[in-house]
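Chain by chain, the residues:
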Amino acid sequence: MNLRAMRAIAAKDLAVVRRSKAVMLPLIIVPLIMVLVLPLVASFAPTFANIPGASDLGALIEQMPESFQAQLAPFDEEQRLVVLLLVYMFAPLYLVVPMMVASVIAADAFAGEKERKTLEALLHTPTSDTELVLAKLAVGFVPAVVVAWSAFVIYAVVANAAAWPTMGQIFFPTAMWWVLALLVAPGVAAFGLGATVLVSARVSTFQEAYQIGGLVVVPLVLLVVGQAAGVVFLSTALVAVIGVVFWVLAAVLIGLGLRTFRRGELLARG
Amino acid sequence: MSDTVARAPSSPVPAKRAPPAVIETHALGRRFGETVAVADLELRVERGEIVGMLGHNGAGKTTTVRLLNGVLGASSGGARVLGLDPWRDGVALRRRTGVATETPAVDDRLTGRQGLTYFAHIYGVPAASVARRVDEVLHIFDLADAADARVGGYSRGMKQRLSLARTLVHEPELLFLDEPTAGLDPVAARALDERVLSLRASGATVLLCTHNLVQAQALCDRVVVLEHGRMVAAGTPSELAAGLGAATRVTLELTAPAGLDVAALLRDVAGVHGVEDATAAEGGDAPPPDDPSAVRDRRLRLQVDDRAAIAAAVARLVNAGAGVYAVEREAADLEDVYFALHERNGAAA
Ligand SMILES: Nc1ncnc2c1ncn2[C@@H]1O[C@H](COP(=O)(O)OP(=O)(O)OP(=O)(O)O)[C@@H](O)[C@H]1O
Ligand SMILES: [Mg+2]
């Protein structure tokens, strides 16, 4: 492995990404909504909404498994709403952060380089196909995890602070969230990267790669819907399983990506 | 003066092996579906040569460069470049080659210096000398003032110079230049020519793909001409001209009576073709044509196969009473060769 060349490629991609509005805007806005807006709104929900769906909430909780009901047992009605939103409902949304960061940067590093026509000069350099892919994967992965973990810390602070009037105690992060942040978030980032690499080999612009690659959020949307419908309950064990599944899928996609990203074939496809 | 060098007697010991060629291909070919991009290419380039590769758009020049640098697989045949198999040892090969691609190399969002530094690291320029090397190539290509500005703001020619600068940052042994003069002003083009010549002097080998026939003629030791992926000619520019019978053009200035049809006089001289009377084109002070004995300045253009034909033509004119006072000879240049080849192959196709 030519680590020096890989580091140079990663550093260059990162420098380029930092100067691109199309990439930086979603990278800043989505995590901000996630770590600031959502917990603030949720924390004040009991105060000014006066629980419009209180009966729905009760019904929803009753559908949940025993273990979940036990988790909520110590809390009163208002506290339950806060915990339900901040701990459970927003958990899949949190995963959007690493997924989005990873796939936007990867779309720029792979398809964007192709679109700007600088890829050919890079292919003529003394790097192997594997080194090129790994360098570009690292460019997406490291920032995705850094942003996701920072978001986790900020979310924890904001959630506890904003919900203090209702909760009166530090209730976050729960064990499930530790698993979510440490295991699942990086897995989701890797999954988004793998999907974007595969898509990027076939499309010719950043926009296409970003849009088609955006389909990777579908599993997360399914989690949100499943939870709201009471079908899925994100227990610590289930979250750990989801994490493992994302890592396995990521490994498969990245493996395919490494096989697809071959200089000869990229140039032959034109 | 020793015109006759003693020939070495054919020795019983095996002849010393010729030094390996820098580029050597055997029946190299590449197709894309039905399209034949390169076919049956037999190319040999020796160390220190500047070889021009000419051909129309789509002739297969860029594809050849991609094949030789191991970034595109061959459909048939094989090649050795710097003694390596381009496809098996691509990484080792590419460490020693530099390619100025037709496409930009440095992202618009980087500065020129950042782009060059990036390539210096990828190509393994010793870390301690990266900054110095980058400064050197910035200077060579007159980009020092713009070094810290974003490439997005560069003019087309500046981008092209940056692209050339980065192909030299690691001092490659073999340089592929794919249309390097595109977008360059005459001063920059001249500087590039000088740089290429000095690279050759330092032992580098250059494969120059170009549409710029004047540049090819001036720089190249040999040229190969591709057409539809096939090599249709190879040799020094003058060999090509001779081989094609691309004739030498001659202009004669003479005085002759207005009534004498000087052009007709030359039509049956052996080795002379395409005689045309160019007097009319330039004549402004010609006397009235109603006096056939008045002596007029005349100008003739013709093509000759060899020197003897020029002498024969002049003798014929003098014998007929004309006075020849200027003979201008103009050797066929690469442009004539190129168009002659195109006509010949176009007619065949
Ligand atoms: N990836 C590809 N897919 C399909 N056809 C291709 C591909 N690359 C090249 N070709 C075809 O191969 C032929 C040779 O192309 P190439 O780019 O080598 O020509 P060229 O001599 O460099 O032309 P130009 O002077 O325009 O740069 C053309 O007919 C081109 O259309
Ligand atoms: Mg070309």
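Residues numbered from 1 in each chain as written. Chains lettered and ligands numbered in written order. Predicted model: local features only at pLDDT ≥ 70, side-chain atom pairs only at ≥ 80, totals over all residues. Heavy atoms only, no water.

Examining the overall build of chain B
Link 1 in the chain: Along chain B, the regular secondary structure elements total 12 helices and 14 strands.
Link 2 in the chain: Relative to its full complement of 349 residues, chain B shows a buried share of 46%.
Link 3 in the chain: Of the contacts made within chain B by residues no fewer than 6 positions apart, 70% connect residues no fewer than 24 positions apart.
Link 4 in the chain: Accessible area for chain B stands at about 17200 Å²; split by element, carbon and sulfur atoms hold 52% of it. (Helix = DSSP H or I, 4+ residues; strand = E, 2+ residues; numbered from the N terminus. Buried < 20%, exposed > 50% of the residue type's maximum accessible area, 1.4 Å probe, protein only. Contact = heavy atoms within 4.5 Å. Areas by Shrake-Rupley, 256 points an atom, 1.4 Å probe, with all protein chains shown as cover.)

Remarks on the interface of chain A and chain B
It is common to give the size of an interface as the accessible area lost on bringing the parts into contact.
Link 1 in the chain: With 27 residues of chain A at the contact, the number on the chain B side is 35 residues.
Link 2 in the chain: Carbon and sulfur atoms supply 59% of the area that chain A and chain B bury against each other, a total of about 2600 Å² over both sides.
Link 3 in the chain: Put simply, A:E120 and B:R66 hold a salt bridge, and the shortest N to O gap is 2.8 Å.
Link 4 in the chain: Viewed at the interface, chain B and chain A are joined by 14 residue pairs in polar contact (both at pLDDT 80 or more).
Link 5 in the chain: Mapped onto the side of chain A that touches chain B, the elements with two or more residues apiece are α1 (3–18), α7 (119–123) and α14 (263–269) of chain A. (Buried area = accessible area lost by both parts, 1.4 Å probe. Salt bridge = Lys/Arg side-chain N within 4 Å of Asp/Glu carboxyl O. Polar contact = N/O pair within 3.5 Å; in protein donor to acceptor, adjacent residues only side chain to side chain.)

Quick look at the coordination of the magnesium ion (ligand 2)
Link 1 in the chain: Distances from the magnesium ion (ligand 2) to its protein donors, B:T62 (OG1), B:E102 (OE) and B:E102 (OE), fall at 1.9 to 2.8 Å. Here the residue B:T62 occupies a position in helix α1 (residues 61–68), and B:E102 occupies one in the loop between β6 (97–100) and α3 (112–122), the gap between them amounting to 40 residues. (Donors = N, O, S within 2.8 Å, 3.2 Å for Na, K, Ca; no water.)

Concerning the packing of helix α8 (residues 129–162) of chain A against helix α10 (residues 175–202) of chain A
Residues and elements named next belong to chain A.
Link 1 in the chain: It is at 9 Å that the axes of α8 and α10 come closest, and there the two elements cross at 150°. Overall, the two elements α8 and α10 adopt an arrangement that is roughly antiparallel. The two elements α8 and α10 cross, and the hand of that crossing is right-handed. Within the contact between the two elements, α8 uses L137, G140, F141, A144, V145, A148, W149, F152 and Y155 and α10 uses W177, W178, A181, L182, A185, P186, A189, A190, L193 and V197. (Axes fitted to C-alpha atoms, helices over the stretch in contact; angles between N-to-C directions. Parallel < 35°, antiparallel > 145°, perpendicular 65-115°, else oblique. Left-handed = near helix turned anticlockwise from the far one by under 90°.)

A short note on the domain arrangement of chain B
Link 1 in the chain: Taken domain by domain, chain B consists of domain 1 (23–242) and domain 2 (247–331).
Link 2 in the chain: One C-alpha centre belongs to domain 1 of chain B, the other to domain 2 of chain B, and the line joining them spans 47 Å. (Domains from an automatic or database assignment.)

Regarding the nonpolar core
Link 1 in the chain: Among the nonpolar cores identified, the biggest contains 172 residues, and A:L86, A:Y94, A:F171, A:W177, B:I23 and B:L68 are the most heavily contacted of them.
Link 2 in the chain: For this core, the element with the most residues is α10(A), which contributes 16 residues.
Link 3 in the chain: Setting aside residues up to four positions removed in sequence, A:F171 forms contacts with A:V82, A:V83, A:L86, A:V87, A:A159, A:N160 and A:A163.
Link 4 in the chain: Listed in part, the 18 residues of the second largest apolar core include B:L254, B:A263, B:V304 and B:L317. (Core = buried A, V, L, I, M, F, W, Y, C linked by side-chain atoms within 4.5 Å.)

Let's talk about the environment of A:V244
Link 1 in the chain: On the secondary structure map, A:V244 appears in helix α13 (residues 236–260).
Link 2 in the chain: On the accessibility criterion, A:V244 (46% relative accessible area) is partly exposed.

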